[in-house]
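Chain by chain, the residues:
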Amino acid sequence: MHNCFLDIDYARINKKSQRAGGDVFLSRKSDTDGRVVSVLSDGLGSGIKANVLATLTTTLAAGCIAGSLSIERTAEVIMRSLPECSERKISYATFTIIDIEYDGSTRIIEYDNPGYLLLRDGKLLTPEKKMITVNSPNGRNSLYFSFIKLQSGDRIVMYSDGVPQSGIGNRELPLGWETERANDWIVKKIAGQPDISSRELSKAVVNRAVRNDIYIPRDDITCAVIFARQPRKLMVVTGPPLDSARDSELAGMVKSFPGKMIVSGGTTANIISRELGRKVRTDLSRLDEDLPPTAQMDGIDLVTEGIFTLARTAELLESGEYRSMRRQNGASQIIDLLLDSDEINFVVGTRINNAHQDPNVPVGLEIRRNIVNRIGKCLSDKLLKEVNISYI
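Summary of the structure given here. Keep in mind the model is a prediction, meaning the values are calculated, not measured.

## A short note on the sheet that holds strand β1 (residues 5-13)
Phase 1: An order of β1-β11-β10-β6-β7 is seen for the 5 strands of this open sheet, with the pairing classed as antiparallel. Each edge of the sheet is formed by a strand with only one pairing partner; in this case those strands are β1 and β7 (123-125). Each neighbouring strand pair of the sheet contributes to a mean axis angle of 25°, computed without reference to strand direction.
Phase 2: Relative to strand β11 (residues 221-229), strand β10 (residues 155-159) runs antiparallel, the two sharing 5 bridges. The partner of R155 across the bridge, within β11, is F227.
Phase 3: Where helix α3 (residues 179-192) meets the sheet, its contacts fall on β6 (117-120), β7 and β10, and the angle it forms with β10 comes to roughly 140°.

## Things to note about the packing of helix α7 (residues 307-319) against helix α9 (residues 368-381)
Phase 1: α9 packs onto α7 with a crossing angle of 30° between their chain directions and a minimal axis gap of 9 Å. With respect to α9, the axis of α7 lies roughly parallel. Remark: the crossing between α7 and α9 carries left-handed chirality. Between α7 and α9, the contacting residues are I307, L310, A311, T313, A314, E315, L317 and E318 on the first element and R368, I371, R374, I375, C378 and L379 on the second.
Phase 2: Residue composition of the contact of α7 with α9, by class: 9 nonpolar, 1 polar and 4 charged.

## Regarding the pattern of salt bridges
Note that side chains of opposite charge can pair when their charged atoms are close.
Phase 1: All told, the structure shown has 26 salt bridges when counted by the stated rule.
Phase 2: Between K129 and E110 there is a salt bridge, and its shortest N-O distance comes to 2.9 Å. Pair noted here: K129 is in the loop between β7 and β8 (130-136) and E110 is in strand β5 (residues 105-111), with a separation of 19 residues, a long-range link.
Phase 3: Taking the relative accessible area as the measure of exposure, K129 reaches 33% and is therefore partly exposed.
Phase 4: The partner of R281 in a salt bridge is D298, and the shortest N-O contact between them spans 3.5 Å. Of this pair, R281 sits in strand β14 (residues 281-282) while D298 sits in the loop between β15 (295-297) and β16 (300-304), and the two are 17 residues apart along the sequence.

## Description of the environment of S264
Phase 1: Inspection of the secondary structure assignment puts S264 in strand β13 (residues 260-264).
Phase 2: Put simply, S264 and G306 are 42 residues apart on the chain and 4.7 Å apart in space, counted from C-alpha to C-alpha.
Phase 3: Among all residues touching S264, those that are not within four sequence positions of it are V237, T238, G239, T304, E305, G306 and L310.

## Overview of the nonpolar core
Phase 1: Among the nonpolar cores identified, the biggest contains 27 residues, and L317, L338, F346, I375 and L379 are the most heavily contacted of them.
Phase 2: Elements that contribute at least two residues to this core include exactly β12 (233-238), α7, α8 (330-339), β17 (343-348) and α9.
Phase 3: If we skip the residues at most four places from it in the chain, L379 touches L317, L338, I344, F346, L384, K385 and V387.

## Topic: the sheet that holds β17
Phase 1: One open sheet accounts for 7 strands, arranged β14-β15-β16-β13-β12-β17-β18; its pairing is mixed. Sheet topology places β14 and β18 (386-391) at the edges, where each strand pairs with a single neighbour.
Phase 2: For β13 and β16, the ladder comprises 3 bridges, and the chain directions are parallel. Residue pairing for β16: S264 is matched across the bridge by T304.
Phase 3: Across the sheet, helix α5 (residues 247-256) lies against β12, β13, β16 and β17, angled at about 155° from β12, the strand it touches most.

Cut-offs and rules
- Residues numbered from 1 in each chain as written.
- Predicted model: local features only at pLDDT ≥ 70, side-chain atom pairs only at ≥ 80, totals over all residues.
- Heavy atoms only, no water.
- Pairing = 2+ DSSP bridges.
- Helix = DSSP H or I, 4+ residues; strand = E, 2+ residues; numbered from the N terminus.
- Axes fitted to C-alpha atoms, helices over the stretch in contact; angles between N-to-C directions.
- Contact = heavy atoms within 4.5 Å.
- Parallel < 35°, antiparallel > 145°, perpendicular 65-115°, else oblique.
- Left-handed = near helix turned anticlockwise from the far one by under 90°.
- Nonpolar A, V, L, I, M, F, W, Y, C, P; charged D, E, K, R; others polar.
- Salt bridge = Lys/Arg side-chain N within 4 Å of Asp/Glu carboxyl O.
- Buried < 20%, exposed > 50% of the residue type's maximum accessible area, 1.4 Å probe, protein only.
- Core = buried A, V, L, I, M, F, W, Y, C linked by side-chain atoms within 4.5 Å.

Dropping the structure here:
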């Protein structure tokens, strides 16, 4: 999969009245060989207990594969580690493990989750699955193993049983959405939006399932998507160059970049405006009490205030609050562009802004380069983005 990027994301909503979700999704990438492991686990029941067991499952799977265990051996370790429900005589968590190597070789093991979807050229494929048995303290368990060679444009979609079971008992869906109907809906959704990102597709599936439940989820609902695609590029320019003689160089980088563009910082925006002859227009359509308004400039996808907006962006990414965020402001718009991009290049100006040396500025407000490092770490470690940071 030369020059191909794995766009991996998920959406989840908890069962009504449950603060902790019983579904857990985790993705990790090896720094040494580019191997990516993604795990979706559904803990039995809901709430804290289910969350703990699903978290144990995903963490074990990611750790074992990171330690170079085969996916089959990893499944056996998990099955031996999970307790059994005394009433139902089944393990306390189901799982789907997807192990993708740098060349696209992909191994998948499934235990009691709904079967994953493999889509190529918009069509649903039926990969061959081999049943394997794994010994555990609870007896012999049947799992399904499959191997595929992932290609550019392929999608893998997996979801918890909250998706096909959504709507059970309703007049329109007395038996629930059911797997076949849900899969048909996903195929049609992709046909209508061939370039839809993993984030948007997973959100669409979850939102539809919640609608089936008349907006009162009767179970945890999760959908995760892996999309092998050509990388989408984004540049974030923030801060003026150390030497003002390099202002024109910075503007040239902005003008020639082959992707989307964010300019963060009033001084930075004024430099780009002056050097490229483009006006900056304040956007008052989305005012927010916590952050300064955004602005518009021809050829730039987003213009924001600098240090406060970036600091809020870092906080939202670190806490995970962005997944449930409804407010629209400069930070949320930056995050939207970051999440829909694959290769993210930060260009950080190193000239000191005297405004940020004011003793009245909160102590927690870090200098620009440290905030960018925090954002970059979240993007690379949690979201598996390709991140480059350079200074000028």
